[in-house]
Amino acid sequence: MDKSKFLRVFTDCYLVEGDKGYVIYDLTRRKLISITKITYNVLKEIDGKSIDFIISKFGNDIIKIIDYFLTEEICFLTDSPTSFPKISEDVYFENECYSAILEIGASSQYDYIKVVKELNELGCQMLMLSIKADSDITSEEILKIFNATTDSFFKCIDVVVPSSFENVFSMDFFDQNVRVTSVTYLGSEQFKTEENKNYVQINRIKDEELNWTEKFVRSNLTFTLKSFMESKKYNIALNRKICIDEFGFIRNYINHEEHFGNLSNTTVSISQVLRSPEFQKKWRISNDLVENCKSCKFRYCCFSNSDLNYSNNKWYKVNSCHKIEPAKENVN
C-alpha cells in the first residue's frame, strides 16, 4: 500500500450517529451498513488523512481495517483528498404535491374526479385510492376515476379495494392503466402476495379495513439520495402530501386529528389548502427536530406518517416507535 496516498470516505457514504448505534448510509447502493462506535470514530478520524499518518497513529494493524474499507468501497485512495467535495444538500422540488390519499366510504360525497384532476394540476406523482368495505361506489365510477388519471403526472397508483371488486381489475385494465403499481384486496379468504405479468403487486389480506396505524420494522426503512437530503430539512413522509378522508376532510394524513376544511364546502379547494402555511407547517418538522427521533440512527430513512404534537417547546410524534430490531453489524 502506497503510504503517500490519502484515504477518503466516499462522499455518498454518510456516517450517522444514534444513541443506540451507528450506521453508514450508502446513498448510491441504497444500503444501510450498521457499524460499531469504534468503526464510526475511526472512519471519522482517518478520512482525508495520509496512509502514513494513519499508520503512525494507529499502528500497522490498521492496514487490515483499511483494506476492508477499500474492498467494501466505503473508502478509496487518492493523491488529492481535497478534490472530492461533499454532495450538495440543497433540495429542489419539481411539483407542489408529491403524494395523495383518497379514501372513499359510505359517507363520501366529494367529487372524486374533480379531486383527481386538481391533484394532477398540482403535479402529484403518487396516488393511493382506498375504497372502504361499506362504500356504495360502483365499478363504473371506479373506472371513471382511473380514466381521469390518463395523461396525468401520476407515476404510480396504489389501490385498496374490497375483494368484491376484483373483477374490475382484469388484465385488460392493467394493460390500459400502466401507472397502477399495486392492488390490495380487502376481506380475502387468505393472505397472499404475488406479482402479475404487468409487474403489478397483488395483495390479498383478510382484514376488512386498512389499519392506518404504522408498524415500525426494519424492512420499511428505505431511502434514495434525494430522500436522504430531503429528510435533513423536511418530514419525508408528510412533505407535499395531502389526504382526503371518507368524509371529505382534508388532512396531512388520514388518521391525523387536525383537518383543514371539508370539500363539501364549495369555497374550499385542494390547492388552496395545500399552499397554506398552516397545512405545510408539519412538512418542515424533520426527524432532527423530534424528540426520540433526533437521536435515532434511522432518522433519515424512516417514512413515518405519525401526527406531531408540540409540548414544552419540543416536538413529539404521537405514534413513535418503541423498538426497531437492529441489523447484524456489517462492519466491525
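Everything below is about the structure printed above this text.
Below is a short write-up of the structure.

Reading the values: rules and limits
- Residues numbered from 1 in each chain as written.
- Predicted model: local features only at pLDDT ≥ 70, side-chain atom pairs only at ≥ 80, totals over all residues.
- Heavy atoms only, no water.
- Helix = DSSP H or I, 4+ residues; strand = E, 2+ residues; numbered from the N terminus.
- Buried < 20%, exposed > 50% of the residue type's maximum accessible area, 1.4 Å probe, protein only.
- Contact = heavy atoms within 4.5 Å.
- Areas by Shrake-Rupley, 256 points an atom, 1.4 Å probe, with all protein chains shown as cover.
- Lys, Arg positive; Asp, Glu negative; His and termini not counted.
- Charge placed at Lys NZ, Arg CZ, Asp CG, Glu CD.
- Arc of directions from axis to C-beta.

**Details of the overall build of the protein chain**
Helices and strands together make up the secondary structure of the protein chain, namely nine helices and 15 strands. Along the first, second and third principal axes, the C-alpha atoms of the protein chain reach 75 × 50 × 35 Å. Looking at the protein chain residue by residue over its 332 residues, the buried ones come to 49%. Considering only intrachain contacts with a sequence separation of at least 6, the fraction spanning at least 24 residues in the protein chain is 66%. As displayed, the protein chain has an accessible area near 17600 Å², and 48% of this comes from carbon and sulfur atoms. Across the protein chain, 42 positive and 48 negative side-chain charges occur, with their mean positions spaced 6 Å apart.

**Description of unusual backbone geometry**
The backbone of Arg-30 shows a phi angle near 55 degrees, a positive value even though the residue is not glycine. On the secondary structure map, Arg-30 appears in the loop between strand S3 (21-26) and strand S4 (31-35). A positive phi angle, near 55 degrees, is found at Glu-73, a position not held by glycine. Within the secondary structure layout, Glu-73 lies in the loop between helix H3 (62-71) and strand S5 (75-78).

**Details of H3**
Those residues of H3 that sit buried are Ile-62, Ile-66 and Phe-69. In an axial view of H3, the angular spread of the buried residues amounts to 60 degrees, which keeps them on one side of the axis. Opposite the packed face of H3, turned more than 90 degrees from it, sit the exposed residues Lys-64 and Thr-71. Buried residues belonging to H3 abut strand S1 (6-9), helix H1 (37-46), helix H2 (51-58) and S5. Phi for Glu-73, located one or two positions after H3, is positive at around 55 degrees.

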